[in-house]
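Tertiary structure, described
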Amino acid sequence: MHRKKSVPLSLLRLALFVFSSTTLAPRSFSEPVLSTKKVSAEPGKPNVTVKMVMRDGLRFDPPRFSAEPGRKLVIELENEDSSHQSHNFLLIRPGKLKKIVESAMALGERGPSQSFVPQSSDILAHSAVLDPEKKSRISVDLPAEPGVYPYVCTMPGHGMVMYGALYSGVILPAIDKDPNIPPTAVQAMLPGGGRRPFIQRMFLPNAGPAAIAVSLPGKQNFCWDAGECRLRYVWSGTGVDPREHWRGNGKDLAKVPTSPWWNAPIEDFPFRFGSPSASVPKVKFLGYRVEAGLPEFHFKVGAIEVFEKVTADDARGVIEFHYKVLRSNEALFYRASDAEGAKWASPAGLFKGGVLELTPAQAAQFSVTLTGPAIH
Amino acid sequence: MKTLYFSVSVAVALSASGFAANDGSPPSGEGRISEHYKVAKLMGPPGIDSQVGALVALEDGRLAAAFHHGQVAIYEPKESSWKIIAEGLHEPLGILPEKGGSFLVMQRAELTRLRDTDGDGLTDHYETVWDDFGLSGNYHEFAFGPVRGPGGKLYVGLNLASSGDSIRKEIRGEWSPIGLPRQEFYGANWKKVSDKAGRMYSRVLWRGWIMEVDPVSGNATPFASGLRSPDGLGFDSEGNLLVSDNQGDWRGSSELFVVKKDGFYGHPASLVWRKDWDGSEPLNVPISRLDALRTPAAVWFPHNIYANSPTQPVLIPKTPAWGAFGGQVLIGEMNSPRLLRVLMEEVDGVWQGACVNLVDSETLKRGLHRLAFIGDTLYVGRTHLSWAGAEGLVTLRPQGTLPFDPLDIHVTPHGFRIDFTEPLSAAAADPGAWSVEQYTYAYHIAYGSPQMKKESLTPTKVRLSNSNRTAEIELPTLKENFVYDLHLDALRSESGTAPLNARMAYTLRKIPQK
């Protein structure tokens, strides 16, 4: 079944092999899959192999990766573009992306005969034109000089959007602040394309396995645990990074890119009905409604139905919890302790010793606010 | 446009095909397949990961699909357009429409109802229908289904955890104390002790079980146990619940089960959750005891020959284009570009039957995970989740005439009766035109099984029916719990054609008395 044919083409420095289109499964939205294979001619410096997939929407996947200067880099190209477009791949010297894209455009009718690759010493390596569902492989000896080496597809009209960055000996900036990769590529890697607000269920760190990541409008994000029916932590800035989790079968957790500025206490639940010292109630998750992109969580605390909506007011510097409690005739004791500079308050009354006491009438609809040091 | 450019891969693309030669001989290989089935790529919703976790045909001719990153989208074939109606789900692996326009989706953590309460076509209520099952956080705890039974109840399959990884610090639900102590799962020695957890393990509730869920109340009852990785749930034309499972520990080869209430289907890990379980560590239970409890699979998919990882069973529609295949069970496969028909029968209360390829074509690629028919058209959604497979969707349409192929098979007291889609040539009456391999697979803890006790058989007798459409073969021996792998490549139709799919494997559980 594995028909492997080698069709060596002597195109400049690169060796190109063609495989049947059915062998390696593409990985989605992968961060560089860097495998080191001991096939290098240089002892002690194994090759770096990276899989580079061309996808619909004129994207390279991954849109960036890193590799040590001076290494031999093998790039396994796969055209998985479901919109049936052909692509090529050029690796370029730092700072020369625009120049190469422009000279490729200037090729005009000469383009097809030279795979849309202009003559230039700024091109470190390139592929031929790769039709949909085809694979090829190029290799290149990376220069010893550290730098951000762009890669690009120079098919007509593709070069302005279909590019990425090889970081060689240079530290990668945060993915959503990387000027060397196209915005479309970033969007494709984030839940909802980086849209806010957004709700994404996935495996998150420091929570139960039924976790929900929520990015609020503005800067705040939180992890809500559907197993425990409560918010677990809040962080500011970029939303959850799902790539590790989505890459394969889910073995790796998604990442929370910055340290949460507030973490819920372990194994506690804020609600106690009837008495402040009542035991931790049993909870049952009932789902959520979405209004203007924001979730309103619905759950049972014992037999009592509760709705919880979380909003943020970046200007005032607060996270606000809005609760509705249905048909309760018991007093509600809401437990929330100030910690790590985070302060609790409520328009409904004062927290005494970390407990807000509400009459059944007050508890029917109330809110509490959490002000944290990280909100400005 | 792409043909303008020279392509180094043209030679390879054509090498897979054996188009009709100019001498008038019938086409073979891909060329012949394309005379009967047309495969076309279908673009998924733009800009999203196109690994398909779930597909279902809607009554109005549209298609609903769920994707790896948690979107649910509706495809309108008339306009070739997609509309995303829900987002943010966690690895949805099954979807069902409900009356009134809502959908049920099985995601890792729960069975969820997607409701559009304001009529804008988008989900605004993600209602938890059922989440009363365990999650250890192990990646392999996938959740499959739901499918709807004839009585309106839903059926869901819960995957075991894999010793390929440990469990999360925080788990959901009860932890079974039976087996490797929980702290060992967190220890520095995990890699060394992981095999003591069992290659696949069920330490949280209902892992390895098929659950029956009431869609209204959300109440679930344990329905059947002993499953390992039940990716494919479906029903045959008589309403029997079919569940496919993957080769592995306790699975000599991949299998298809006819699942009945309270049945146990061989993988012992799930036994710890039986109400009457005595607390024994399943890994230590003697095979004889397990054997007495279990119902073997109706069908083995011989490994590396037919399927290594069978997926979703669906019914071929009873339409003119599908002809005599209508009403038969079709199933996908992850590791090879193959769709298979499954032909089952009940003999003295025991389910058994055969698998045979419908299509084995590189054009399908691998990872044929989810299947749905709209009219004649089969929609196939692919996935890989980092295993063997691919992504995206394809359609397959029959071209109006079925190929010359085995149509159906039944066991007889001394052999098999095989129907064909076209009359056989008279030469098929020669026993020498038939060859049969007989082998079995071990039921054991090890991962997979080689073919065991293998023998080659030649029929002692072959009788053709009056129409020559049916052949009855008698074999020198017939043994229960063996596979009869029939090689049909020497057979020809009356018009001289070889079968498109010249091999079929019957899993014999029960020899009929008459």
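Here goes a summary of the coordinates provided. (Residues numbered from 1 in each chain as written. Chains lettered and ligands numbered in written order. Predicted model: local features only at pLDDT ≥ 70, side-chain atom pairs only at ≥ 80, totals over all residues. Heavy atoms only, no water.)

Structural notes on unusual backbone geometry
As a reminder of what qualifies: The secondary structure listing takes helices from DSSP runs of H or I that are at least 4 residues long and strands from runs of E that are at least 2 residues long, numbered from the N terminus.
Here the bond from Arg 196 of chain A into Pro 197 of chain A is cis, since omega is -5°, no more than 30 degrees from zero. Examined against the element boundaries, Pro 197 of chain A turns out to sit in the loop between α2 (183–189) and β13 (198–201). Cis geometry marks the peptide bond from Gly 145 of chain B to Pro 146 of chain B, where omega comes out at 0°. Its place among the elements puts Pro 146 of chain B in strand β11 (residues 143–148). Phi is positive for Asn 304 of chain B, close to 65°, though the residue is something other than glycine. Mapped onto the secondary structure, Asn 304 of chain B falls in the loop between β20 (299–301) and β21 (310–315). Its identity is not glycine, yet Lys 365 of chain B carries a phi of approximately 60°, on the positive side. Position of Lys 365 of chain B among the secondary structure elements: in the loop between β24 (350–360) and β25 (368–374).

Here we look at the side chain of Ser 176 of chain B
All names here are of chain B. Just so we agree on the cut-off: Only protein chains enter the accessibility calculation, which uses a 1.4 Å probe; a residue is then buried when its area is under 20% of its type maximum, exposed when over 50%, and partly exposed in between. Should any heavy atoms of two residues lie within 4.5 Å, those residues are counted as being in contact.
The topology assignment puts Ser 176 in the loop between β13 (161–162) and α3 (182–186). Relative accessible area serves as the criterion here: at 2%, Ser 176 is assigned to the buried category. If we skip the residues at most four places from it in the chain, Ser 176 touches Arg 203, Val 272 and Trp 273.

Observations regarding the sheet that holds strand β26 (residues 355–358) of chain A
Residues and elements named next belong to chain A. This is how it is decided: Strand pairing is assigned whenever DSSP detects at least two bridges linking the two strands.
Taken in spatial order, the 4 strands make up an open sheet running β18-β23-β26-β25, and their pairing is antiparallel. Either end of the sheet is taken by a strand with one partner, and the two such strands are β18 (271–273) and β25 (351–352). Inspection of the sheet shows strand β23 (residues 332–335) paired to β26 by 4 bridges, in the antiparallel sense. Among the inter-strand pairings, Tyr 334 is bridged to a residue of β26, identified as Leu 356.

Looking at the environment of Gly 95 of chain A
Mapping Gly 95 of chain A onto the fold places it in the loop between β8 (90–92) and α1 (97–105). Separated by 110 residues in the primary sequence, Gly 95 of chain A and Pro 205 of chain A place their C-alpha atoms 38 Å from one another.

Comments concerning the nonpolar core
Here is the rule: Put simply, buried Ala, Val, Leu, Ile, Met, Phe, Trp, Tyr and Cys residues joined by side-chain atoms within 4.5 Å make one nonpolar core.
The biggest cluster of nonpolar side chains holds 85 residues, and the ones touching the most others in it are Trp 224, Phe 271, Phe 321 and Tyr 334 of chain A. With sequence-adjacent residues up to four places away left out, Phe 271 of chain A is seen in contact with Pro 281, Val 301, Val 306, Tyr 323, Val 325, Leu 332, Phe 333, Tyr 334 and Phe 366 of chain A. If you look at the next biggest cluster of nonpolar residues, it comprises 32 residues, including Val 411, Trp 434, Leu 488 and Tyr 506 of chain B.

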